[in-house]
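Topology and contacts: notes
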Amino acid sequence: WLRLNVHGHAAPIRVLRFSGDGRRLLSAGDDKALVVWRRDPAQPTRLRYERVIRWQVQRGTRGRIYALAPVGNLVAFAGHGAMGGVGEILLVDLATGNHQATLFDEAVGHRQVVVALDAIATAEGPCVASHSMDGRTLLWRKDARGVWKATVATTDDRSAGQPLAERPLAARSYAGVVRIGTHA
């Protein structure tokens, strides 16, 4: 595959998030790339290109990134999966860009495009919440062996086929509670 290495995006951006420490801005979208921008210490209002992190490049929509969730020194990103499944979530180290884990669970994992992510650091370690187009919300945590496992927080198969504005929306409050509502 031909891959353009540009310092920025080559297609529409779908999601923007600041890192937890506020020193980096993360952008991702249709070009299947997560771009990391670092604040310039000499000019705090300016951002400088730091690196690009990519999924495996696939044809069409596979690999588009629709959701980001920084937690600690990691960032989770997802969208229209590029690695064989539709609902995988990648965790990468923000400082190095190195892959840390792929969150995918054969038993309860997402079967549709992941459209929302959020994460929180807890005393037990990071927790990632993910929501897919079929209305399913999963909570991901490491088990005692350090393996990421998903539990189903909500499922609403009735939303499949509904316009996006009428589909359930998952959001985490600052208290760590997942709330389910609609876009409207």
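Going by the structure above, here's the rest.
Now for a quick tour of the structure. (Residues numbered from 1 in each chain as written. Predicted model: local features only at pLDDT ≥ 70, side-chain atom pairs only at ≥ 80, totals over all residues. Heavy atoms only, no water.)

**So, the sheet that holds strand 11 (residues 137–142)**
Ordered in space as 9-10-11-12, the 4 strands form an open sheet in which the pairing is antiparallel. Each having just a single partner strand, strand 9 (114–122) and strand 12 (148–154) make up the two edges of the open sheet. Adjacent strand axes in the sheet meet at a mean angle of 25°, parallel and antiparallel pairs treated alike. As defined by bridge partners, strand 9 adjoins strand 10 (residues 125–132) across 8 bridges and the pair is classed as antiparallel. When the sheet's bridge partners are listed, Ala116 is paired in strand 10 with His131. (Pairing = 2+ DSSP bridges. Helix = DSSP H or I, 4+ residues; strand = E, 2+ residues; numbered from the N terminus. Axes fitted to C-alpha atoms, helices over the stretch in contact; angles between N-to-C directions.)

**Comments concerning the environment of Arg141**
Secondary-structure assignment places Arg141 in strand 11. Residues Arg141 and Cys127 lie 14 residues apart in sequence; the distance between their C-alpha atoms is 5.1 Å. Setting aside anything within four residues of it in sequence, one finds Arg141 in contact with Thr122, Glu124, Pro126, Cys127, Val147, Trp148 and Lys149. (Contact = heavy atoms within 4.5 Å.)

**Some points on the pattern of salt bridges**
Any two side chains of opposite charge can pair if their charged atoms end up close together. By the definition in use, this model includes 8 salt bridges. Linking Asp21 and Arg23 is a salt bridge whose minimum nitrogen-to-oxygen distance equals 2.9 Å. A salt bridge links Arg51 to Glu50; the nearest nitrogen and oxygen atoms lie 2.8 Å apart. Where salt bridges share partners, they join Arg24, Arg38, Glu50 and Arg51 into one cluster. (Salt bridge = Lys/Arg side-chain N within 4 Å of Asp/Glu carboxyl O.)

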